[in-house]
Amino acid sequence: MLKKIFVWMQREKVMCIAAVCAMVTMLLVPPDGAYLGYIDLRVLCLLLCLMAVVAGFQRCGTFQWLAAVLLRHSSGGRTLGVILILLPFFAAMLVTNDVALLTFVPFTLLLLEQIGCQTAAIPILVLQTIAANLGSMATPVGNPQNLFLYATYELSAESFFAAMLPLTLISLVCLAVAAVPILPKELPAPELEGQIRTPKQLMVYAVLFVLCLLTVFRVLPYGIAAVLVILVIGFMDWHVLADVDYALLVTFVCFFIVSGNLGRIEIVRIFLQKLLARNPLLTAVGASQIISNVPAAVLLSTFTDAWKPLLEGVNIGGLGTPIASLASLITLKLYLAWPKSQGGRFLAVFTAANVVGLVILIAVALL
């Protein structure tokens, strides 16, 4: 029993750390009626709906089918390399950076073995990780911090896309250029199979995803959307609901408690307000390197109204250390499980590439 608990805690390290932090702040600020105001039900409902729908897409084989179609039509190694990097970039815009990497990293390792290019695994996986993190910043549903900030500051679609489009376009160009020389020019055509397993269910999930988007953009009340999504998926295929990352929802609740309590501790509030007053973008980038960008967004939003540099900072801040974006740890975990992995070399390349990307995007955002 204890072994099972330990294994579970190892798997859900982020949630456990967030829970410990929440309990520590509860010692400093004892629970009272104000705690109810910490929890953002809109964000939690949206996260639940999106995760459930994306899990449904995965069960239908949607992403594997899409990748197989694109790669079958690639013309040579240069094109193949660019496609492999940009698949998670564009997929993350709709299904989050975590799901994009969970889907395409194992797929990529299998493909590289088939075409005899295992030596390209590290640069491709590193660029895929960066691509997923940067592609996800383009939309409110691309990652949890965007969803949270979009709801917290009640942003309009126009203001959000105006803020993030320049950084997204620059990221796209840089990634495409970096991807070109990774694979040899001449390669055997990959033999891949991919098909939609349940086309009718796919159509239902597509409709539910549209409902989620309407909720994000405040066309549909979040309570109605949550009930519809859960009921439809529950009746159609309740197993999908078991694939939802409920630990992420609990983690968010813990983050809400931590940020709410820290906001009531005067010395912490004054310190963070001073940092944010000097440069909210660099403060967000720096905080993301230490506690990762999702909790950084939740914490710092309590102390500033400067939503644009905060939004830019926590997204740019997904580059840098392996914990800056928790999605990066997914790639690292999947790669280390590969028999031909080289952990030290991977971390070296990962760090170098992330530092370059971080410097470029900080410079662009500060201009």
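What counts and what doesn't
- Residues numbered from 1 in each chain as written.
- Predicted model: local features only at pLDDT ≥ 70, side-chain atom pairs only at ≥ 80, totals over all residues.
- Heavy atoms only, no water.
- Helix = DSSP H or I, 4+ residues; strand = E, 2+ residues; numbered from the N terminus.
- Buried < 20%, exposed > 50% of the residue type's maximum accessible area, 1.4 Å probe, protein only.
- Areas by Shrake-Rupley, 256 points an atom, 1.4 Å probe, with all protein chains shown as cover.
- Lys, Arg positive; Asp, Glu negative; His and termini not counted.
- Charge placed at Lys NZ, Arg CZ, Asp CG, Glu CD.
- Contact = heavy atoms within 4.5 Å.
- Phe/Tyr/Trp six-rings, centres within 6.5 Å; stacked < 30°, edge-to-face > 60°.

Caption draft 1: The overall build of the protein, seen in detail. Counting its secondary structure elements, the protein contains 19 helices and 0 strands. Considering only C-alpha atoms, the protein reaches an extent of 65 × 50 × 50 Å along its principal axes. When each of the 367 residues of the protein is scored for burial, the buried share is 52%. Split by element, the accessible area of the protein, about 16800 Å² in all, is 72% carbon and sulfur. Between the mean site of the 20 positive side-chain charges and the mean site of the 16 negative ones, the protein shows a separation of 6 Å.

Caption draft 2: Structural view of the environment of Leu-300. Mapped onto the elements, Leu-300 comes out in helix α16 (residues 293-300). For Leu-300 and Ala-284, which are 16 residues apart along the polypeptide, the C-alpha to C-alpha distance reads 7.4 Å. Residues within four places of Leu-300 in sequence aside, it is in contact with Leu-272, Leu-276, Thr-283, Ala-284, Ala-287 and Leu-310.

Caption draft 3: Looking closely at the packing of aromatic side chains. Per the stated rule, a full pass over the model turns up 9 aromatic pairs. Note on Tyr-150 and Phe-160: the rings are 5.9 Å apart at their centroids and 75° apart in plane angle, and the pair reads as edge-to-face. Remark: Phe-160 occurs in helix α9 (residues 157-179) and Tyr-150 occurs in helix α8 (residues 144-152); sequence separation between them is 10 residues. A residue is classified by how much of its surface remains accessible, and Tyr-150, at 2% relative accessible area, is buried. Since its relative accessible area comes to 0%, Phe-160 is described here as buried. With 4.9 Å between their ring centres and 20° between their planes, Tyr-335 and Phe-346 make a pair best called stacked. Taken together, the positions of Tyr-335 in helix α18 (residues 326-336) and Phe-346 in helix α19 (residues 343-366) put the pair 11 residues apart, joining distant regions of the chain. Taken individually, Tyr-335 and Phe-346 each receive the classification buried, so the pair is uniform in this respect. Among the aromatic residues, ring-to-ring pairing joins Tyr-335, Trp-338, Phe-346 and Phe-350 into one connected group.

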